[in-house]
Amino acid sequence: MQAVVAVLFHWLGVTTHNFFVLSLLSKFSSSHLSGAGGWSPLESNEQQWLQVDLGDRVEIVAVATQGRYGSSDWVTSYALMFSDTGRNWKQYRQDDAVWVFTGNSNADSVVHHKLLHSVKARFLRFIPLKWNVGGRIGLRVEVFGCSYKSDIADFDGRSSLLYRFNQKLMSTFKDVVSLKFKSMQGDGVLFHGEGQRGDYITLELQKGKLSLHLNLGDSNLHFSNSHTSVTLGSLLDDQHWHSVLIERFNKQVNFTVDKYTQHFRTKGDSDHLDIDYELSFGGIPVPGKPGTFQRKNFHGCIENLYYNGVNIIDLAKRRKPQIYTGNVTFSCSEPQIVPITFVSASRSYLLLPGTAQIDGLSVSFQFRTWNKDGLLLFTELSENSGHLLVYLHGGRLMLLIQKETENPVEITEGTNLHDGLWHSVAINARRHRITLTLDNDAATASHATTVSRIYSGNSYYFGGCPDNFTDSQCLNPITAFQGCMRLIFIDNQPKDLILVQQGSLGNFSDLHIDLCGIKDRCLPNYCEHGGKCSQSWATFYCDCNNTGYMGATCHNSVYEQSCEAYRHQGKTSGFFYIDSDGSGPLGPLRVFCNMTEDKIWTAVQHNSTGLTRVQGAGPEKPYTMSFDYNSSAEQLEAVINSAENCEQEASYYCKKSRLLNTPNGMPFAWWVGRANEKHLYWGGSLPGIQQCACGLEESCLDMRYFCNCDADREEWTNDTGLLAFKDHLPVTQIVITDTNRSNSEAAWKIGPLRCYGDRQFWNAASFNTEASYLHFPTLHAEVSLDISFFFKTTAVSGVFLENLGIKDFIRIEISSPKEITFSIDVGNGPTEATVQSPTALNDNQWHYVRAERNLKQTSLQVDSLPKKVLEAPAEGHFRLQLNSQLFVGGTASRQKGFLGCIRSLHLNGQKLDLEERAKMTPGVKPGCPGHCSSYGNLCHNGGKCVEKYNGYFCDCTNSAYEGPFCKEEVSALFEAGTSVTYTFQEPYPVTKNASTSSSAIYVDAVVSKENIAFSFLTAHTPSLLLYINTYFHEYLAVILSKNGSLQVRYKLSKDGLLIFTIDSGNFANRELHHVKINREGRELVIQVDQVLKLKHNFSEIDFKAIKSLTLGKVTDSLSLDPEVSKANAYGFTGCLSSVQYNHIAPLKAALRHPSIAPVTVRGSLTQSNCASMMEADVNTATTTYSSSDPFGKTDEREPLTNAVRSDSAVIGGVIAVVIFIIFCIIAIMSRFLYQHKQAHRNSQKKEKEYPENLESSFKADIDLQNTVSECKREYFI
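Residues numbered from 1 in each chain as written. Predicted model: local features only at pLDDT ≥ 70, side-chain atom pairs only at ≥ 80, totals over all residues. Heavy atoms only, no water.

1. Examining the overall build of the chain
Thinking step 1. Counting secondary structure elements, the chain contains 14 helices and 90 strands.
Thinking step 2. Counted over contacts in the chain with a minimum sequence separation of 6, partners at least 24 positions apart contribute 69%.
Thinking step 3. Accessible surface, the chain: about 57,900 Å² in total, of which carbon and sulfur atoms supply 51%. (Helix = DSSP H or I, 4+ residues; strand = E, 2+ residues; numbered from the N terminus. Contact = heavy atoms within 4.5 Å. Areas by Shrake-Rupley, 256 points an atom, 1.4 Å probe, with all protein chains shown as cover.)

Next up, the structure:
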């Protein structure tokens, strides 16, 4: 049984605050606190509630409960609902969730709860959720609160209040409007004011949301952009009170609806709001008034309406002359409409009776939902006329009449009906005709005709079907309905749903009667970084497309945080997006990552990196250039702060133009950096020192000055250097003021912002004892959290980090050698996400961990193992409340501490400086050695991993490749006479200042193995690719035969000449081929293009006293055998790449260290890229910038060549281009004719010499010439 209690209350001492305590005294015996008895219903189930009538609307601030006196009956948890009228209840919510109050643990103790948000209501309901398992529901309650007074006006949709000003025009620069309202209508104007100059202010309901329209002072309203509209709130047509506050000061506006606030600035230039004559509340009373737009009047109640401190409703009640009252009453009329909520997606339904066998049918109702699909109505028609279904499918309304002997009749209406708004449905049938009307729009109603006549049924199922089909005969071809319904009419008679609640009408399951529990899960929008929110009844979804972020709430950046992180993934130089703060508020930034050096450079381009000429600028008319980096100042600052070092090159070319006016004058030029600060030093100098680089180096042209340009000479000179003080970068502006004198001229250039090093990527700490830890400030991440780090350990368990609250906590730990666990509690009980690894994680290798928690899910990622994801509950607590310090490497209890290393720790994109904190913490050391044990495999092709304090690098000295991971090929173009000879001798240094162990090359007297690898591309045969000879006249030769087959020829003292031929195709086909020749002892293996081609066992083999290795043509006077000699006559024409002989890279030595390596180059040797040659069109010449400088270079020897940007230069450029094109056409035609003629002559000669291969010989000759000339052309443009 439910209990409705009319309470008496007495006032307690604090009369100044009108504070009271309400104790229950009723026929249920003394149910107030500390009294005997209490409330205990006959049946203990979830349908029971205790209702308190407080006699009038009051402000409730706290409640308290006890169990039933002297019994085992008490409630362990409960919810609260409140209402003004005893109808249309509202659940008490806290943190956007239905709040569950902790009840009692025995019958006698009192549990108090202070409400976080006070409630204004007359009626209060206690809803028991759980009770003592060994007893029943038992409750004694007390309510604490204050009296509440208010002024209320009721508007019927045609009425309004007019507030007339004392003067004709009211001009304000500050406005404050506050009110509360309640309504069942989704549209209506709450107040409006306008002026003849185009000013206006309007607050109106639009589809259940509140819109504020503002325009400040613009008479050209139709042609201006000064109109400002802001929308806030949702589902405001629920017949509950909603508060509104509008605060305007000049252009700044704060707009608050309930607990949500939006701050914005109005458009336009004016600061004043000019309103003529009056403000209207509740509507716009004069529709024909000039400039007034048509809007629907407000229908509902407004409470405590204040405009700039004036109580408008109080003036109206007192009949003051400045208020015109139009049909307004001063008490709130409450429509007695009972909504119901279908809670369950599977079990909710409402069964209502109808009158069977009536000729025809009439059913109507209203619904609102967020779900696209759901059954609205099912009824079995009488007289065997089939059954009728009405349901939502894909947001459209479907009506279906099915009968076994007839074709089904189907009607479809509407779109997007899952928008959360109320929609009305009316079904009317008579004889053979049925009509479906949506939203009372008779003009668009749909009709259909049936073969049989339609007779009404006696049972109507709304929202779903019971589980027992045999008894109900209810069919649901789709999911159950989740949402709200109201105003249900059957046979033109309204159905009293309170009777359903009392059990005297129909039946139901999983319904909330007399409340609509719909919730807008997209308010506020928990989709981060601009993600678009959509929702269903139970959850919300985020569309992260085009945001640069991913995940359930668009929390995680799709980009890395630095170029260092991309390098670590094995990426090569190029343009990338980096997100310096990860999941933080800053967006991604496009940069160029230069990974060709040991230092990984990040370059951010701006809008003017070229050389720019300046003339005619003086102190009165300075030249100014501002730089746009296509990013925000915060993004650039984050990049700079994350880097170890940053710099920008600054160049000033001058002819009779002074720069800093040293030694003691006011500068004639300066630059502006971060924080808009003006700086008077130039590139190469130090902050605070008004000098250029030559001044510090004492190398200026005129030693009396500290800048070359300050000598004020007639000839061109320059001051160039690097600006490298991070706190001043980037350069945002340059100002020049000394180019207005006779023959005075200047040109400047500010390079891109360049930074290297990631301060956080290798930031690490070593924890040496289980009791050691680092502590940081409390983690604040109420609704969204991500934690990422690397670790390595040999311990079997330990806590990586922990942060505690009163009840909430987070913890990440290695719980066993193969398990990582992420534990979190936000008030609903602990949740654990565990990832199990197939291999041990305590292997002293670096492993990556990322834990994330948001409103939708909790997840844990370890290395590349499958992510563990746990879905979050749709209701309940969701704010993470922490208050202790964040412990890293340990716990607050100092137990289960972590032994090992943690590095690169990020919390919500913020970087924690472990090293700095470790310097002052006993038991913890900054840094962590041993990176090569985890990352050594990233050094490829014989590269050696070398440890650094903050990372590692790949030493490519003994590799034929180069680059940060020894993966970039070293290639060169050979012409017919090109020869590269490497002479074996004593070890030599490959790189300057390198250690002997890493940079020297050793040669044994006897070589018991050959590991040879190279790639080649050619169109010519025969060709000599590689030749190795010894002092004992032994040799190894790799040649291409005339037919394109590959031969490996060994000349040994014991075995004589051994020839191994690979004839699986023509290798002179202008494709890149990879050759590997490996001999270990007597076993020889030859691979071509990663395919094993040959194996052979020698009787006995040793290369003794190797003399030299030659690529291309052998130029020494050696006695070559006939086949090798024939191939050597042609040499090699094409591209050779990444040549490796044991630990020697002869081609790389020739290209990179020709002066210090024992290598001799004859003929033309040009660096190239074989792979790109194969892909490129040989008839297309392209200009390619070096990867180290993606923005191109200008010739600085003639600074103004590229700086002059006048019209004459443009015209001259156009003419030059036209002439160049003409000459190119003539040259190409001449070349083609000459080649055609020469080829014809060669073909005649070769026809006699090689008649069996005429066509291939002719083609090879043409291709060879094209290959060399085109490749050379590409790299020498």
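2. What about the nonpolar core?
Nonpolar side chains tend to gather and get buried jointly when the protein is soluble and globular.
Thinking step 1. Counting 46 residues, the largest nonpolar core has Phe1014 and Tyr1050 as the members making the most contacts within it.
Thinking step 2. Ala617, Cys646, Ala669 and Leu723 belong to the second-largest nonpolar core, a separate cluster that totals 42 residues. (Core = buried A, V, L, I, M, F, W, Y, C linked by side-chain atoms within 4.5 Å. Buried < 20%, exposed > 50% of the residue type's maximum accessible area, 1.4 Å probe, protein only.)

3. Section: the pairing of strand E79 (residues 1023-1030)
Thinking step 1. For E79, the buried fraction is high: 8 of the 8 residues fall into the buried class.
Thinking step 2. Where E79 folds back onto strand E80 (residues 1035-1040) in an antiparallel hairpin, the turn is made up of 4 residues, including His1033, whose phi is positive at roughly 65°. (Pairing = 2+ DSSP bridges.)

4. Brief notes about the sheet that holds strand E49 (residues 623-626)
Thinking step 1. With antiparallel pairing, 4 strands are arranged side by side in an open sheet as E49-E54-E51-E52. Two strands bound the open sheet, and with one partner strand each, they are E49 and strand E52 (678-679).
Thinking step 2. Bridge count for strand E51 (residues 669-672) against strand E54 (residues 733-736) is 4 bridges, and the pairing is antiparallel. Residue Ala669 lies in a different strand from E54, and its bridge partner there is Ile736.

5. Description of the UniProt feature "domain: EGF-like" (unreviewed entry) in the chain
Thinking step 1. The sites that carry the UniProt feature "domain: EGF-like" (unreviewed entry) are, in the present numbering, residues 518-555 and 929-967.
Thinking step 2. As a span, residues 518-555 carries 0% helix and 26% strand, and end to end its C-alpha atoms are 26 Å apart. (UniProt positions renumbered as here; feature names shortened; annotations may be inferred.)

6. Quick look at unusual backbone geometry
Thinking step 1. Following Thr662, the chain continues to Pro663 via a peptide bond in cis, the omega torsion being 10°.
Thinking step 2. Take Pro663: it is sitting in the loop between strand E50 (645-655) and E51.
Thinking step 3. Here Leu729 and Pro730 are connected by a cis peptide whose omega angle stands at 5°.
Thinking step 4. Relative to the elements of secondary structure, Pro730 occurs in the loop between strand E53 (717-723) and E54.
Thinking step 5. Positive phi values are uncommon outside glycine, yet Asn88 reaches one of about 55°.
Thinking step 6. Within the secondary structure, Asn88 sits in the loop between strand E5 (75-83) and strand E6 (90-91).
Thinking step 7. The backbone of Tyr277 shows a phi angle near 70°, a positive value even though the residue is not glycine.
Thinking step 8. Along the chain, Tyr277 falls in strand E22 (residues 273-281).

7. Digging into helix H5 (residues 633-642)
Thinking step 1. Regarding H5, the residues found buried are Gln635, Leu636, Ala638, Val639, Ile640 and Ser642.
Thinking step 2. Lining the buried residues of H5 we find strand E45 (574-578), strand E46 (589-594), strand E47 (601-604), E50, strand E56 (753-756) and strand E69 (910-911).

8. A short note on the side chain of Thr341
Thinking step 1. Locating Thr341 in the fold gives a position in strand E26 (residues 340-342).
Thinking step 2. Separated by 2.8 Å, the side chain of Thr341 and the backbone nitrogen of Gly517 make a polar contact.
Thinking step 3. Leaving out residues up to four positions away in the same chain, Thr341 has contacts with Gly483, Cys484, Asp510, Leu511, His512, Leu515, Cys516, Gly517 and Trp537. (Polar contact = N/O pair within 3.5 Å; in protein donor to acceptor, adjacent residues only side chain to side chain.)

9. Some remarks on the sheet that holds E22
Thinking step 1. Spatially, the 7 strands line up as an open sheet ordered E18-E17-E16-E15-E22-E13-E25, and their pairing is antiparallel. Of all strands in the sheet, those with a lone pairing partner are strand E18 (228-232) and strand E25 (323-326), marking the two edges. Ignoring strand direction, the axes of neighbouring strands in this sheet form an average angle of 20°.
Thinking step 2. Taken together, the 2 bridges between strand E15 (residues 188-194) and E22 define a ladder with antiparallel strand orientation. Bridging across to E22, Phe191 finds its partner in Phe281. (Axes fitted to C-alpha atoms, helices over the stretch in contact; angles between N-to-C directions.)

10. What to know about the packing of aromatic side chains
Thinking step 1. For the structure shown, the criterion picks out 39 aromatic pairs.
Thinking step 2. An angle of 65° between the planes, with centres 6.1 Å apart, marks the rings of Phe155 and Phe298 as edge-to-face. Taken together, the residues span a long stretch of sequence, with Phe155 in strand E12 (residues 152-156) and Phe298 in the loop between E22 and strand E23 (299-307) at a distance of 143 residues. As far as burial versus exposure is concerned, Phe155 and Phe298 are alike and both buried.
Thinking step 3. Both rings, one in Tyr526 and one in Phe540, keep their centres 6.4 Å apart while their planes meet at 40°; by these two values the pair is tilted. Of this pair, Tyr526 sits in the loop between strand E40 (511-513) and strand E41 (532-535) while Phe540 sits in strand E42 (residues 540-543), and the two are 14 residues apart along the sequence. Comparing Tyr526 with Phe540, the two get one shared label, buried.
Thinking step 4. Over the ring of Trp670 we find Lys678, and its NZ or CZ is 3.9 Å from the ring centre.
Thinking step 5. Seen from the ring of Phe761, Arg903 lies directly overhead, with NZ or CZ sitting 5.2 Å from the centre. (Phe/Tyr/Trp six-rings, centres within 6.5 Å; stacked < 30°, edge-to-face > 60°. Lys NZ or Arg CZ within 6 Å of the ring centre and 35° of its normal.)

11. Let's talk about the state of the cysteines
Thinking step 1. Per the counting criterion, the structure on display carries 16 disulfides.
Thinking step 2. The disulfide that involves Cys484 links it to Cys516, with 2.0 Å between the sulfurs. Disulfide Cys484-Cys516: the torsion about the S-S bond is 95°, which places it as right-handed. Pair noted here: Cys484 is in strand E37 (residues 483-490) and Cys516 is in the loop between E40 and E41, with a separation of 32 residues, a long-range link. (Disulfide = S-S within 2.5 Å.)

12. Quick notes on the environment of Ala64
Thinking step 1. If you trace the backbone, Ala64 turns up in strand E4 (residues 50-66).
Thinking step 2. Given the relative accessible area of 0%, Ala64 is considered buried.

13. Concerning the pattern of salt bridges
Thinking step 1. For the structure shown, the criterion picks out 42 salt bridges.
Thinking step 2. A salt bridge links Asp514 to Arg87, with the nearest nitrogen and oxygen atoms 3.9 Å apart. Within this pair, whereas Asp514 is found in the loop between E40 and E41, its partner Arg87 is found in the loop between E5 and E6, the two being separated by 427 residues in sequence.
Thinking step 3. For Asp514, a relative accessible area of 0% gives the class buried.
Thinking step 4. Of the charged contacts in the structure, one is a salt bridge between Arg658 and Asp738, with a shortest N-O distance of 2.9 Å. Of this pair, Arg658 sits in the loop between E50 and E51 while Asp738 sits in the loop between E54 and strand E55 (745-750), placing them 80 residues apart in sequence. Exposure class is identical for Arg658 and Asp738. Each is buried.
Thinking step 5. Residues participating in the shared-partner salt-bridge network are Lys656, Arg658, Asp712, Glu714, Asp738 and Arg741. (Salt bridge = Lys/Arg side-chain N within 4 Å of Asp/Glu carboxyl O.)

14. Details of the environment of Leu161
Thinking step 1. Here Leu161 shows up in strand E13 (residues 160-172).
Thinking step 2. Sequence separation between Leu161 and Ser280 is 119 residues; the distance between their C-alpha atoms is 5.6 Å.
Thinking step 3. For Leu161, the residues in contact, after removing those within four places along its chain, are Phe155, Leu279, Ser280, Phe281, Ile312, Ala316, Ile323, Tyr324, Thr325 and Val328.

15. Some thoughts on helix H10 (residues 1122-1130)
Thinking step 1. Turning to H10, its buried residues number three or more, namely Val1124, Ala1127 and Asn1128. An end-on view of H10 places all buried positions within 100° of arc, on one side of the element. Exposed residues pointing more than 90 degrees away from the buried face of H10 are listed as Pro1122 and Ala1129.
Thinking step 2. Among the residues of H10, the N-terminal cap falls to Asp1121, whose side-chain oxygen and the backbone nitrogen of Glu1123 are separated by 3.1 Å.
Thinking step 3. In the segment just after H10, Gly1131 is the residue with positive phi, at about 65°. (Arc of directions from axis to C-beta.)

16. As for the environment of Thr85
Thinking step 1. Its place among the elements puts Thr85 in the loop between E5 and E6.
Thinking step 2. C-alpha separation for the pair Thr85 and Gln336, spaced 251 residues apart in sequence, amounts to 8.7 Å.
Thinking step 3. Apart from the residues within four sequence positions on either side, Thr85 is in contact with Phe123 and Glu334.
Thinking step 4. A polar side-chain atom of Thr85 sits 3.2 Å from the main-chain amide nitrogen of Arg87.

17. Description of the pairing of E12
Thinking step 1. Counted residue by residue, E12 has 4 buried out of 5 residues, so it is predominantly covered.
Thinking step 2. The pairing of E12 with E23 spans 5 bridges and is classified as antiparallel. Each bridged residue has a counterpart across the sheet, and for Phe155 the counterpart in E23 is Gly300.

18. A few points about the side chain of Glu413
Thinking step 1. Relative to the helices and strands, Glu413 is located in strand E32 (residues 406-413).
Thinking step 2. Despite its burial, Glu413 remains without a salt bridge, the nearest opposite charge being carried by Arg396 at 6.9 Å.
Thinking step 3. In terms of polar contacts, Glu413 uses its side chain to reach the side chain of Ser446, at 2.3 Å.
Thinking step 4. Those residues in contact with Glu413, other than ones at most four positions away along the chain, are Arg396, Leu397, Leu436, Leu438, Thr444, Ala445 and Ser446. (Lys, Arg positive; Asp, Glu negative; His and termini not counted.)

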